[in-house]
Amino acid sequence: MSLPSRASYRDIPLYSPSKARCRVDLSDNTNLFGMPPAAERVLREVAVPLVTRYPVGYSPDLREAVAHYTGVDTACVTTGCGSDDVIDSTLRAFLEPGELIAFPSPTFVMMSYFAKVNGLRYAPVNLRPDFDIDVEGLLATQAKLIYVCSPNNPTGTVASRAALERLIERAPGLVLLDEAYAEFARESHLDLARRPNVLVSRTMSKAFGLASMRVGYAVGAPSLVAEVEKARGPYKVTALSERMAVAALREDVPWMRAKVAESLAVRERLVAELQGMGLTCLPTEANFVMVKLRGALEVAERMRARDVNVRAFAGLPGIGDALRIGCGPWDVIQTALDALREERR
């Protein structure tokens, strides 16, 4: 006998982007330039008790390292199993089932998924033609939580400072600003976390190259952070992940910045190559490029047959079909470009 699931769960599919095993994988925007040396040292020197015992609850060492890196008090930091876990915990902490969240469209695809699994309603609001957020449209929803990703995934575009400030000043509830790609952008808005209705989430998965270790964090007012800590539970970050992330934050920020610079140089060259192929790229401040391409789903499928994986999107509002191509070492990018050229002949 099978037990019935929650009625609201029955039509929710698993999150399952194409993850075909390809020699070249530029589909998930992770750091392909290696892992932080200090984090690698921790991994090589890990002792058995670190694995066999529970981690210290609520990751105090990680919170301290994040506080130092971001220039805030430890009470202003919460952590989790990737920034997506921090986002999910925030929804559970501040919204009752049936309440409304709003977000720009297109944006991080997990937002609608998190809304569904938490029994929430959601209102996507199209980006403006210039790819800035539509402040009036977001506010018109009267949503209890408004989510903004900047630089935005999957577009790579950014929300302007003026738009963010207008949104925060007038939002009826919490504004959750996702800065997963902040290290690649020209400007961070982490200082907005000083506002009483703002949480800024970030991750160690992108610029710091620790995607598999699943470490994320958010910065905000202590009263907000305390509620998210309740929702996340005590053991969301493993002891090994915490120790590796702490080492990277304390010792490898210069390494991270050097790799970011390398990624941005690759991004500039990649955009030039794509434009040279007659393709239109969206303005990007992330470690990936979104390029408009009719029939992107089919093109990506044929590229996978050539051992190259990129992320394809169909019918995005204001964009249409598109490919999202992550930045990595140039020899990897060149392989992807060769496969794309072959598909366009």
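From a predicted model like this one, the values you see are computed outputs, not experimental measurements.

Visitor: Can you walk me through the domain arrangement of the chain in this structure?
Guide: How big an interface is tends to be reported as the loss of accessible area on association of its parts. For the chain, the assigned domains read domain 1 (18-33 + 253-344) and domain 2 (37-251). Here the C-alpha centroids of domain 1 and domain 2 sit 24 Å apart. At the interface, 26 residues of domain 1 touch 30 residues of domain 2. Both sides together, the interface formed by domain 1 and domain 2 hides about 2200 Å², and carbon and sulfur atoms give 65% of it.

Visitor: Could you clarify how one ought to interpret the nonpolar core in this entry?
Guide: The nonpolar side chains of a soluble globular protein tend to be buried with one another. Among the nonpolar cores identified, the biggest contains 68 residues, and Ile133, Ile146, Leu167 and Met204 are the most heavily contacted of them. Top contributing element to this core by residue count: helix 9 (residues 239-251), with eight residues. Residue contributions to this core reach at least three from each of two domains, namely domain 1 (18-33 + 253-344) and domain 2 (37-251). For isoleucine 146, the contacting residues outside a window of four places in its chain are Ala102, Leu138, Leu139, Leu167, Ala171, Leu174, Val175 and Leu176.

Visitor: Whenever I open this one, the UniProt feature "domain: Aminotransferase class I/classII large" (unreviewed entry) in the chain confuses me. Can you help?
Guide: UniProt's entry tags residues 24-340 with the feature "domain: Aminotransferase class I/classII large" (unreviewed entry), counted in the numbering of this structure. A distance of 13 Å separates the end C-alpha atoms of residues 24-340, which is 41% helix and 19% strand.

Visitor: Any chance you could explain the sheet that holds strand 3 (residues 100-105) here in plain terms?
Guide: Within a beta sheet, neighbouring strands are joined by backbone hydrogen bonds and run either parallel or antiparallel to one another. Strand order in the open sheet formed by seven strands is 2-8-7-6-5-3-4, and the pairing between neighbours is mixed. Two strands close off the open sheet at either side, each with one partner strand: strand 2 (77-80) and strand 4 (121-126). The average angle at which neighbouring strand axes cross in this sheet is 20 degrees, direction not considered. Pairing analysis gives five bridges linking strand 5 (residues 145-149) to strand 6 (residues 174-178), with the strands arranged parallel. Directly across from leucine 145, in strand 6, lies its bridge partner leucine 174. Sheet contacts for helix 5 (residues 110-117): strand 3, strand 4 and strand 5; angle to strand 3, the most-contacted strand, approximately 165 degrees. Packing against the sheet, helix 8 (residues 222-232) makes contact with strand 2, strand 6, strand 7 (198-203) and strand 8 (216-220), and its axis sits at approximately 20 degrees to strand 2.

Criteria and thresholds
- Residues numbered from 1 in each chain as written.
- Predicted model: local features only at pLDDT ≥ 70, side-chain atom pairs only at ≥ 80, totals over all residues.
- Heavy atoms only, no water.
- Domains from an automatic or database assignment.
- Contact = heavy atoms within 4.5 Å.
- Buried area = accessible area lost by both parts, 1.4 Å probe.
- Core = buried A, V, L, I, M, F, W, Y, C linked by side-chain atoms within 4.5 Å.
- Buried < 20%, exposed > 50% of the residue type's maximum accessible area, 1.4 Å probe, protein only.
- Helix = DSSP H or I, 4+ residues; strand = E, 2+ residues; numbered from the N terminus.
- UniProt positions renumbered as here; feature names shortened; annotations may be inferred.
- Pairing = 2+ DSSP bridges.
- Axes fitted to C-alpha atoms, helices over the stretch in contact; angles between N-to-C directions.

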